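Given next are the chains, with one letter for each unit.
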Amino acid sequence: MVNLSFSFLDLEYFLLILVRVSCFVFVAPFFSMSNTPRRVRTVFAVFTSVLLYTSLTPADGVVYFSELEYAVIVLKEAAVGLIIGFSATVCTAIVNFAGAIVDMETGLSMVSLMDPASRQQTSITGVIYNNVFMLMLIVSGMYRFLLGALADSFVLVPVNSAILQGEKLVSTMVRFMGDYISIGFRICLPVFCVILLLNVILGVLAKVSPQMNMFAVGMQLKVIVGLCVLFLTTGMLADASGFIFKEIQELTAAFVEGMM
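Residues numbered from 1 in each chain as written. Predicted model: local features only at pLDDT ≥ 70, side-chain atom pairs only at ≥ 80, totals over all residues. Heavy atoms only, no water.

1. Section: the packing of helix α1 (residues 8-27) against helix α2 (residues 38-55)
Here is step 1: α2 packs onto α1 with a crossing angle of 130 degrees between their chain directions and a minimal axis gap of 9 Å. By the angle class used here, α1 and α2 are oblique. In this structure, α1 crosses over α2, and the sense of that crossing is right-handed. Facing D10, Y13, F14, I17, L18, V21, S22 and V25 of α1, the residues of α2 in contact are R41, F44, A45, V46, T48, S49, V50, L52 and Y53.
Here is step 2: Partitioned by chemical class, the residues of the contact of α1 with α2 number 12 nonpolar, 3 polar and 2 charged. (Axes fitted to C-alpha atoms, helices over the stretch in contact; angles between N-to-C directions. Helix = DSSP H or I, 4+ residues; strand = E, 2+ residues; numbered from the N terminus. Parallel < 35°, antiparallel > 145°, perpendicular 65-115°, else oblique. Left-handed = near helix turned anticlockwise from the far one by under 90°. Contact = heavy atoms within 4.5 Å. Nonpolar A, V, L, I, M, F, W, Y, C, P; charged D, E, K, R; others polar.)

Written out as structure tokens, the structure reads:
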């Protein structure tokens, strides 16, 4: 027979941990994918919260005098979990940006699929890049870094001690937008350069032989050449995933510093 006894303070502290972990699991990449059952995510959040609770000491700083004050503490913990998860999720949008450029260059911009990570309609190349990115995330063990960052946040930003510094968070997001465009173009640069060279060749041929319908020929060539370049540059996706993983680490650390 299992006999569990705990005080009301312990229950309140555990619920605050559960709120932060649940919000993180709801928005973090890989954990928040739509093809992951909700029961699995719920059980995972509760199990992770129990593990974190056993390794943390209930803070005496969780003091409130009314239900409204406790609700404010809950909102603060939810904001911390959402920001940490968002810092990793927003980096996955880089591959969607790169995929949109590739599809625009190859003539596949009208094709769209449901992305299980972002739960939005995105380009077909973006979905391919996203699936490869998620596979690299599992193979490289990047999910352990995300869970480690969540666990370390309770040390750096204890319960009910988060101070959202808007200026730091905004400046970090502005810096990320520059890296967002830079990394996105680095991923799609092979396809972009080859299609640009193909357009130059088609333009020269159109001047040399005006009787040829370069518009009809160019549409087919762009699709064929684009798919060939994607196939030949598959081995480079591991390095591209390394760029995104590094950005996740830097952005997560910067966001946590903005809440200390």
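2. What to know about the packing of aromatic side chains
Here is step 1: Taken as a whole, this structure holds 9 aromatic pairs when the rule is applied.
Here is step 2: On the basis of an interplanar angle of 50 degrees and a centroid distance of 6.4 Å, the ring pair of Y13 and Y53 is categorised as tilted. Of this pair, Y13 sits in helix α1 while Y53 sits in helix α2; the two residues are 40 residues apart in sequence, bridging distant segments of the chain.
Here is step 3: On the basis of relative accessibility, which here comes to 22%, the residue Y53 falls in the partly exposed class.
Here is step 4: Three or more aromatic residues joined by ring pairs make a cluster, and in this case those are F97, F176, Y180, F185 and F192.
Here is step 5: Over the ring of Y143 we find R144; its NZ or CZ atom is 5.7 Å from the centre of that ring. (Phe/Tyr/Trp six-rings, centres within 6.5 Å; stacked < 30°, edge-to-face > 60°. Buried < 20%, exposed > 50% of the residue type's maximum accessible area, 1.4 Å probe, protein only. Lys NZ or Arg CZ within 6 Å of the ring centre and 35° of its normal.)

3. Structural notes on a nonpolar patch on the surface
Here is step 1: On the surface, a cluster of nonpolar side chains totalling about 370 Å² of accessible area is made up of L196, V200, V204 and V208.
Here is step 2: Tracing the chain through its elements places L196 in helix α6 (residues 166-208). (Patch = residues over 30% accessible without salt bridge, like charges linked within 9 Å, V, L, I, M, F, W, Y side chains within 5 Å. Areas by Shrake-Rupley, 256 points an atom, 1.4 Å probe, with all protein chains shown as cover. Salt bridge = Lys/Arg side-chain N within 4 Å of Asp/Glu carboxyl O.)

4. Observations concerning the pattern of salt bridges
Here is step 1: Scanning the model with the defined rule gives 2 salt bridges in all.
Here is step 2: A salt bridge links E77 to R20, with the shortest nitrogen-to-oxygen separation between them at 2.7 Å. With a gap of 57 residues between them, E77 in helix α3 (residues 67-106) and R20 in helix α1 connect regions that are remote in the sequence.
Here is step 3: The class for E77 is buried, based on a relative accessible area of 0%.
Here is step 4: For R20, a relative accessible area of 0% translates into the label buried.
Here is step 5: A salt bridge links R175 to D179, with the nearest nitrogen and oxygen atoms 3.0 Å apart. Taken together, the positions of R175 and D179, both in helix α6 and 4 residues apart, correspond to about one turn of that helix.
Here is step 6: On the basis of relative accessibility, which here comes to 23%, the residue D179 falls in the partly exposed class.

5. Focus on the environment of M177
Here is step 1: Along the polypeptide, M177 turns up in helix α6.
Here is step 2: A sequence separation of 83 residues divides M177 from I94, and the C-alpha atoms of the two residues are 9.8 Å apart.

6. Overview of the layout of surface pockets
Here is step 1: As a volume, the second largest pocket reaches approximately 190 Å³.
Here is step 2: Taken together, L108, V111, I124, T125, I128, Y129, V132, L227, L230, T233, T234 and L237 form the lining of the second largest pocket.
Here is step 3: Of all elements in the fold, only α4 (124-139) and α7 (214-232) reach the threshold of two or more residues within the lining of the second largest pocket.
Here is step 4: At 5 residues, the largest contribution of residues to the lining of the second largest pocket is made by α4.
Here is step 5: Each residue belonging to the lining of the second largest pocket can be placed in one class, and the counts come to 9 nonpolar, 3 polar and no charged. (1 Å grid on protein atoms, 1.4 Å probe; cavity = no way out; pocket = protein on both sides within 12 Å on 5 of 7 lines; lining within 4 Å. Points joined across faces, edges and corners; volume = space filled by probe spheres on them.)

Keep in mind that these numbers describe shape and distance, not what the molecule does.
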